[in-house]
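# Results of the structural survey
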Amino acid sequence: MESEQTRPEPRRVRLDHQQVRVLAHPLRMRLVGALRVNGPATATRLAELLGTNTGATSYHLRQLAEVGMVVEDPELGTGRQRFWRAAHDVTQWEASDYDDDPDARAAIEWIEADYIRLFSQHAEQWAARRHEWSPAWRDAFGMGDFFMRIPATRLEAIKAEVFAVFERHRDETDPDDPDGELVQLYLAAFPLSPVLPPTEEKP
């Protein structure tokens, strides 16, 4: 009996200071995302997908390549066509990674703010077109929240466990399932009262 095939472990990157500064640009963020979702593509194809021009996508792809966020795929290139692919499947960081570098800290704050803007845009687009989906999908999509009082260490544990659940279901699902759709799952955790200062450390 043949052993069950498993998907390869996702390629991960922990953003260093240089990478985070280069990535903090709206088009570069979209380029990396498009390559991760859609697979390798040329600058021309990416320009079509993102509503920009080939010159801009070519320039920003080169900037991303310099810090190892994208790489050329020579097996797909033909003649003067250059195909690019994302160098990683997952981007990771902690906000405190950049506390010693004001420029990198400003860059990661911009990236996180852009992430929130993108989430809001996606949510609004879904709300405007949800009537086009079947009842099953309308019930499956959506948002919820939950309140609890916990220490930072337990919150980190929850995040790790939830991402492990995401990855398990991704790995156990046939990507060619005719009933499947490409979905994006968000995990967010914020203080319940963000305008208030954090609780003082107890001695």
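Above this text is the structure in question.
Residues numbered from 1 in each chain as written. Predicted model: local features only at pLDDT ≥ 70, side-chain atom pairs only at ≥ 80, totals over all residues. Heavy atoms only, no water.

Looking only at helices and strands, one finds 7 helices and 5 strands in the protein chain. N-terminal to C-terminal, the α/β element order of the protein chain is β-α-α-β-α-α-β-β-β-α-α-α. Reported as C-alpha extents along the three principal axes, the dimensions of the protein chain are approximately 65 × 45 × 45 Å. Accessible surface, the protein chain: about 15,300 Å² in total, of which carbon and sulfur atoms supply 53%. Of the charged side chains in the protein chain, 24 are positive and 35 negative, and the gap between their average positions amounts to 4 Å. (Helix = DSSP H or I, 4+ residues; strand = E, 2+ residues; numbered from the N terminus. Areas by Shrake-Rupley, 256 points an atom, 1.4 Å probe, with all protein chains shown as cover. Lys, Arg positive; Asp, Glu negative; His and termini not counted. Charge placed at Lys NZ, Arg CZ, Asp CG, Glu CD.)

With that settled, the discussion passes to the sheet that holds strand 3 (residues 70-72). If you trace the 3 strands from one edge of the open sheet to the other, you get 2-4-3, paired in antiparallel fashion. The open sheet terminates on both sides in strands that have one partner only, identified here as strand 2 (41-42) and strand 3. Relative to strand 4 (residues 83-86), strand 3 runs antiparallel, the two sharing 3 bridges. Looking at the pairing, Glu72 lines up with Trp84 of strand 4. Where helix 2 (residues 26-38) meets the sheet, its contacts fall on strand 2, strand 3 and strand 4, and the angle it forms with strand 4 comes to roughly 90 degrees. (Pairing = 2+ DSSP bridges. Contact = heavy atoms within 4.5 Å. Axes fitted to C-alpha atoms, helices over the stretch in contact; angles between N-to-C directions.)

These results come straight from atomic positions and should not be treated as a statement about function.
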